[in-house]
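# Tertiary structure, described
The primary structure of each chain is shown beneath.
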Amino acid sequence: MTLDGALIRKDFPIFERLIDGAPIVYLDSANTAQKPRQVIDAMSTFMETSYAPINRSAYRLAAEATDAFEGARRKIARFINAPSVDEIVFTKNATESLNVVAQSWGRANLRAGDIVVLTHMEHHANIVPWHMLVAERGIVLRWVPLTADGQLDLTDLTTLLDGAKVFSFTAMSNVLGTLTPVKLLCDAAHAAGALAVVDGCQYVPHNVTDVQSWGADFLAFSSHKLCGPSGIGVLWGRTELLDAMPPFLGGGNMIADVRLDGFTTAPLPAKFEAGTPPIIEAIGMGAAIDYLSCLGMANVRRHEMDIASYALRTLNERYGDDITIHGPTNIELRGATLSFAFRDIHPHDLSQVLDQRNVCVRAGHHCAKPLMRLLGVNATARASFYIYNDESDVDALADALAGASDIFGF
Amino acid sequence: MTLDGALIRKDFPIFERLIDGAPIVYLDSANTAQKPRQVIDAMSTFMETSYAPINRSAYRLAAEATDAFEGARRKIARFINAPSVDEIVFTKNATESLNVVAQSWGRANLRAGDIVVLTHMEHHANIVPWHMLVAERGIVLRWVPLTADGQLDLTDLTTLLDGAKVFSFTAMSNVLGTLTPVKLLCDAAHAAGALAVVDGCQYVPHNVTDVQSWGADFLAFSSHKLCGPSGIGVLWGRTELLDAMPPFLGGGNMIADVRLDGFTTAPLPAKFEAGTPPIIEAIGMGAAIDYLSCLGMANVRRHEMDIASYALRTLNERYGDDITIHGPTNIELRGATLSFAFRDIHPHDLSQVLDQRNVCVRAGHHCAKPLMRLLGVNATARASFYIYNDESDVDALADALAGASDIFGF
Amino acid sequence: MPGLDDLYREIILDHYRTPRNRGELPPPAVRAEGHNPLCGDEIQVYLDVADGVVRDIKVAGSGCSISLSSASMMSQAIKGKSLDDVTALVNRFKTMMGLGDPDAISIDDDAASTAAQVKLGDLEALQGVVKFPVRIKCATLAWNTLLQAMSELPAA
Amino acid sequence: MPGLDDLYREIILDHYRTPRNRGELPPPAVRAEGHNPLCGDEIQVYLDVADGVVRDIKVAGSGCSISLSSASMMSQAIKGKSLDDVTALVNRFKTMMGLGDPDAISIDDDAASTAAQVKLGDLEALQGVVKFPVRIKCATLAWNTLLQAMSELPAA
Ligand SMILES: Cc1ncc(COP(=O)(O)O)c(C=O)c1O
Ligand SMILES: Cc1ncc(COP(=O)(O)O)c(C=O)c1O
């Protein structure tokens, strides 16, 4: 099935809004995605008719709310093909998910000198938690380098992984759009005796995800990038690992018993869900997953490949040497997230000027400063496309770029 | 101004719902509160017209979303009279807020043998994080005991606090309804050289809160108990303390710089807000605070005192020795949260039977197992009242209790 | 909506008011303890097994009508039974509670059909609990504690 | 909605294309570094002060048109000024940027009126930035870095 961006936009109320008399060209979905009416309504309806505490009360309203909440968990388990629904831990965002891995698994298992391997294209969320263990524990970080066209350079992977305890890597770069060979990387990690931690923040919203076929150990992702609400993320982990890890946050719901002199933990997933969970958000995330599943994730991927091809072709043909688009040129190896430099215009100025035509692109370091330094820039402009975009959005971007030259007088 | 529960209920769509042909008598607000249309609409409208990333992009839509998000932070600062808006840290719930204090401040400042004082009426959220430091660090816990009518027994407070580094206590018990003398406790903590950490989860939604007049050091509370959405909580802390603490979660937004060999942290409050924050939830929480402020927190308190008085009177008059209501009888010393035992009927069965008349009360240990053991029970039934309740709800509860006797054949 | 009659059947209230096999057993009987973390209920199961047969069982602790009556009926049902029959009964009971969890799927066909044949007797009265999902944990508390006790039996 | 003309005034673009006082100063000039964590911009300010007067100032690093032009205009405006005048100018500029933060409130009346009298000159061109709140951090980056440099001056 071919997706029709214009038709999909009709499900997203924000595209009815006019700024300066024109609709919004939203090209910042790698940052956070817009919300379809189905998600907004699911959250509203839940608050209007079924809101109640989860898991702790005997009355029907609470049972109904619990069913809805746990139903969302089951949807998520299916969406990533988790072997067990109890392996789906709700967190507040992917950042917390990665911190749980680093702080809970890491503190229990990593000692001074232990090696953790990251890649040069990681988001700060998959760097800083490990830096914190460097400072606290004296673990050692190694970095997988990049090729000139922004892929992982795997030449020395075996050497890098030698003796490593963890290999934590993104399935798709939020800057370069690069898709990494996740299964191959998981296999390489395991061959070296290391855990494979996958940052799926940019991958899960855009592709069919199957943690079992990857053979991954942990997967982190956020709801807000897949058309769900903010305030909720997921950590998936294999049962044996989650079972053996110490809890991360202490409080209600994560305990079996609490006495004056200590506590025991609840079974999965409650053990990692201290306090009142993101109830309304889980309902919304479930609705987002229903929405995406209905489109079909294979179709979503194909749709984005089409847009990315068209964008690369259009921008390169129209601006030639005036534009530098980072990352792989082979569409099979990338998603529809394009970071670029345009003439000498600073990305911040570029974004501001594009905004005058309602073209929303992000300018900045994209929470990937080590990668920025590697690219030799402080910042890039980034246009990222999703289900509700189509070729007309690429054209709008290309047209708006022309306006930027005028102001800066080239 | 006297609040009219029936009028307020009209703002809450869930009270239009009929179960078995009758509306819901929701007496579980100490667990989580229902949401007014104003909050539901604020969240929907934000998603429909203004959803965008926060703080990281230059285009107008993002600037607008940022203003709305930071506006919510300002509302919260005013609501608790924080001296600076930068002291308002968004967390996922009060549980996380308390864990940040224990894990971030605690790990940096507490050593083996250091003393932390808690009370016997704390919620697990204010116990387990400290237990974790007992296991990890060897800190020592001391417990403020209770009087027979469920108040803090302060007879030996000076001795208990002697040499303590932290005094962490609830401003209102979620089981007994007891209000604690917060200012006095803060002063006592400071006189002993200890920090005063206030768990305001049950207090902030029901009373005028002023952290400056208390002289507190930290305050934790959740949005979902004050008619706001789930998925967001607050940690307020004094600037000097937050500034000196190490960060808790590592990732985007909380950094000033990230290099291959380390990172530096951003200023407050970003330093403690790693990753994409609860954006939609902050908007919703801001709307809830507007709603409550409009009613007036002093009026809310008076309304709840009236209901609590009526409830104590009605239940005691009607059921005499067949009912035991825990906690203070003096209304000045308690909120409108009533835990009780009714004849020999197990709270779980009681809750189930009351539910047949749509009376929703919680049965369980209320995440306060140490207190349960002190009371000599596994569980209590708890009816908790809020702005949308009135005397008719008390009557519904009293009537439904009669039905329970029938089934269990007394 | 299901009515309370589905839940509080007379036989359940009878077992609640007059619990069978209440008490403790001295060692070498095995003791296991179960919590319902949601409501704070705690139950202890004492199991005395010889030659693969449950010679005696006692239940202590406190709980609601559903958890205590379920424990009482369970104790009646398994006393004198072989461990194999007990296992089959546990499976049958859990199936009745709608607990089609992934583990249950892995039961082989033989075991499943054995489970289907096991007689529930009085326990059928607990069928109504399925309509009150929150109470399923109450009804299964004693059974999970029993399983734990069985796992702690010395190898034959 | 404000138009881009409010932001990209000709004088701003001129300072952006031809930045004044660009470069570095050797010690004993004080060096301070500022980040804009949102966009990754980094700026270095070198400050040479003698007898309470700014003898020289240089700016290095990279940034957008707003941050670099603001830095360039700032360097022009403060060169040769007394530290008191510089402080007054910083306050005046921050007030123009709408930064009525709590600290600013604590300025006493005298200082506030002094600040009001300080001439902004070319810097007035940056007034339009207030309409683009996200860019305020760009416009003030050099100024905050300057304050930091001043705080690191050896005590007179
Ligand atoms: C006194 C008290 N503290 C802490 C909490 C934990 O709040 P949350 O579950 O929102 O993290 C609660 C509520 O459950 C509470 O009543
Ligand atoms: C690759 C990658 N990892 C992690 C994150 C962090 O996600 P969140 O901000 O939702 O925690 C992001 C998004 O910002 C990302 O793009």
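Owing to the predicted nature of the structure, the values given are computational and were not obtained by experimental measurement.

What follows is about the overall build of chain A. A tally of helices and strands in chain A yields 14 helices and 17 strands. Over its C-alpha atoms chain A spans a radius of gyration of 22 Å, differing by no more than 12% from the 22 Å that the globule rule assigns to 410 residues. For chain A, the spread of C-alpha atoms along the three principal axes comes to 70 × 55 × 35 Å. Of all 410 residues assigned to chain A, the portion counted as buried reaches 70%. Distance from the positive charge centre (33 side chains) to the negative charge centre (46 side chains) of chain A: 4 Å.

With that settled, the discussion passes to the sheet that holds strand β10 (residues 233-237) of chain B. Residue and element names in this part refer to chain B. Pairing in this open sheet of seven strands is mixed, and the strands run β4-β10-β9-β8-β7-β5-β6 from one edge to the other. Whereas interior strands pair on both sides, the edge strands pair on one side only; in this sheet they are β4 (88-91) and β6 (140-144). In this sheet, adjacent strand axes meet at a mean angle of 20° when their direction is disregarded. Docked against the sheet, helix α3 (residues 60-79) engages β4, β9 (218-222) and β10, running at close to 115° with respect to β4. Packed onto the sheet, helix α5 (residues 128-137) meets β5 (115-119), β6 and β7 (164-170) and runs at close to 145° relative to β6.

The next thing to look at is the pattern of salt bridges. With the rule as written, the count across this model stands at 64 salt bridges over all chains. When the shortest N-O distance is used, the salt bridge between Glu48(B) and Arg37(A) registers 3.7 Å. Here the residue Glu48(B) occupies a position in helix α2 (residues 37-49), and Arg37(A) occupies one in helix α2 (residues 37-49), the pair thus bridging two chains. Arg135(D) is paired through a salt bridge with Asp349(A); the nearest N and O atoms lie 2.8 Å apart. With Arg135(D) in helix α7 (residues 133-151) and Asp349(A) in helix α12 (residues 347-355), the pair connects residues from two separate chains. The pair formed by Arg135(D) and Asp349(A) is uniform in burial state, with each residue classed as buried.

Bringing the site of ligand 1 into the picture now. Close to ligand 1 lie 15 residues, the nearest being Thr95(B), Asp199(B), Gln202(B), Ser222(B) and Lys225(B). Lying at an intersection of chains, ligand 1 is approached by residues of chains A and B. At 3.3 Å, a backbone N or O of Ala94(B) approaches an oxygen atom of ligand 1. Lys225(B) places a side-chain nitrogen or oxygen 2.8 Å from an oxygen atom of ligand 1. Burial of ligand 1 by the surrounding chains reaches 98%, relative to a free accessible area of 390 Å². Under a 2 Å grid-point criterion requiring more than half of the atoms, the pocket assigned to ligand 1 is the largest cavity. Class assignment for the residues of the shell around ligand 1 results in three nonpolar, ten polar and two charged.

Residues and elements named next belong to chain B. What the rule picks out here adds up to twelve cavities of 30 Å³ or more. Within this model, the largest cavity holds a volume of roughly 230 Å³. Lining the largest cavity are 25 residues, with His123, Ala125, Cys201, Gln202 and Lys225 positioned closest to its centre. When its residues are assigned to classes, the lining of the largest cavity shows six nonpolar, 13 polar and six charged.

Here we take up the relation of the copies chain A and chain B. Rotating chain A by 180° and translating it 0.0 Å along the rotation axis places it on chain B, where the RMSD comes to 0.0 Å. The superposition operator between the copies reduces to a two-fold rotation axis. Looking at the rotation axis and the C-alpha trace of chain A, the residue lying nearest is Gly231(A), at 2.6 Å. Interface overlap between copies is the fraction of interface residues in one copy that are interface residues in the other; for chain A against chain B it reaches 100%, indicating a shared surface.

This brings us to the nonpolar core. Ile80(A), Leu226(A), Ile387(A), Ile80(B), Leu226(B) and Ile387(B) are the most contacted members of the largest nonpolar core, which totals 173 residues. Those residues in contact with Ile387(A) that lie beyond four places of it in its chain are Leu3(A), Gly5(A), Ile8(A), Phe12(A), Cys227(A), Tyr291(A), Leu292(A), Leu295(A), Val300(A), His303(A) and Glu304(A).

Between chain A and chain B, the residue contacts involve 92 residues of the former and 92 residues of the latter. Carbon and sulfur atoms supply 56% of the area that chain A and chain B bury against each other, a total of about 7,600 Å² over both sides. Between the two partners, chain A and chain B, sit 14 salt bridges. It is α2(A) that provides the largest number of residues to the side of chain A that touches chain B, a total of seven residues. Of the residues that constitute the side of chain A that touches chain B, the class distribution is 41 nonpolar, 31 polar and 20 charged.

We now examine the site of ligand 2. Around ligand 2 sit 15 residues in total, of which Thr95(A), Asp199(A), Gln202(A), Ser222(A) and Lys225(A) are the nearest. Near ligand 2, the surrounding residues belong to chains A and B. Thr95(A) places a polar side-chain atom, nitrogen or oxygen, 2.5 Å from an oxygen atom of ligand 2. Calculation on ligand 2 without its partners gives an accessible area of 390 Å², and the protein chains cover 98% of this total.

Here we take up α5(B). Within α5(B) the residues assigned to the buried category are Val128(B), Pro129(B), Trp130(B), His131(B), Met132(B) and Leu133(B). Next to the buried residues of α5(B) lie β11 (255-259) and β12 (262-265) of chain A together with α4 (94-109), β5, β6 and β7 of chain B. Phi for Gly138(B), located one or two positions after α5(B), is positive at around 80°.

Following the sequence through the fold, Asn99(B) ends up in helix α4. If we skip the residues at most four places from it in the chain, Asn99(B) touches Phe248(A), Leu249(A), Gly250(A), Ser104(B), Pro129(B) and Phe248(B).

All names here are of chain A. In this fold, Ser222 is placed in strand β9 (residues 218-222). The class for Ser222 is buried, based on a relative accessible area of 2%. A distance of 2.8 Å separates a polar atom in the side chain of Ser222 from the backbone nitrogen of Ala94. In contact with Ser222, not counting residues within four places along its chain, are Asn93, Ala94, Cys201, Ile232 and Gly233.

Attention shifts here to the sheet that holds strand β3 (residues 53-62) of chain D. Residue and element names in this part refer to chain D. Within the open sheet, the three strands sit side by side as β1-β2-β3. Their pairing is antiparallel. In this open sheet, the two strands that pair with only one neighbour each are β1 (30-36) and β3. Strand-to-strand twist in this sheet, taken as the mean axis angle between neighbours without regard to direction, amounts to 20°. Sheet strands touched by helix α3 (residues 65-78): β2 (41-50) and β3. Its angle to β3, the strand with the most contacts, is close to 170°. α7 contacts β1, β2 and β3 of the sheet and is inclined by roughly 150° relative to β1.

For the five pairs of chains in contact, the largest share of contacts goes to chains A and B. Chain C makes no contact with chain D; the smallest distance between any of their C-alpha atoms is 44 Å.

Residues in a regular strand point their side chains to alternate faces of the sheet. All names here are of chain D. Most of β2 sits inside the fold, with eight of its ten residues counted as buried. Summarising the sheet, β1 and β2 pair through seven bridges and their orientation is antiparallel. Looking at β2, one finds that Arg31 is bridged to Tyr46. One ladder, built from nine bridges, connects β2 with β3; its direction is antiparallel. Bridge pairing in β3 links Glu42 to Ser62. Hairpin connection, β2 to β3: the antiparallel pair is bridged by two residues, and Asp51 has positive phi, about 50°.

What counts, and where the lines are drawn
Residues numbered from 1 in each chain as written. Chains lettered and ligands numbered in written order. Predicted model: local features only at pLDDT ≥ 70, side-chain atom pairs only at ≥ 80, totals over all residues. Heavy atoms only, no water. Helix = DSSP H or I, 4+ residues; strand = E, 2+ residues; numbered from the N terminus. Rg over C-alpha atoms; globule rule 2.2 N^0.38 Å. Buried < 20%, exposed > 50% of the residue type's maximum accessible area, 1.4 Å probe, protein only. Lys, Arg positive; Asp, Glu negative; His and termini not counted. Charge placed at Lys NZ, Arg CZ, Asp CG, Glu CD. Pairing = 2+ DSSP bridges. Axes fitted to C-alpha atoms, helices over the stretch in contact; angles between N-to-C directions. Contact = heavy atoms within 4.5 Å. Salt bridge = Lys/Arg side-chain N within 4 Å of Asp/Glu carboxyl O. Near = heavy atom within 4 Å. Polar contact = N/O pair within 3.5 Å; in protein donor to acceptor, adjacent residues only side chain to side chain. Areas by Shrake-Rupley, 256 points an atom, 1.4 Å probe, with all protein chains shown as cover. 1 Å grid on protein atoms, 1.4 Å probe; cavity = no way out; pocket = protein on both sides within 12 Å on 5 of 7 lines; lining within 4 Å. Sits in = over half its atoms within 2 Å of the grid points. Nonpolar A, V, L, I, M, F, W, Y, C, P; charged D, E, K, R; others polar. Points joined across faces, edges and corners; volume = space filled by probe spheres on them. Least-squares fit on C-alpha atoms with pLDDT ≥ 70 in both. Core = buried A, V, L, I, M, F, W, Y, C linked by side-chain atoms within 4.5 Å. Buried area = accessible area lost by both parts, 1.4 Å probe.

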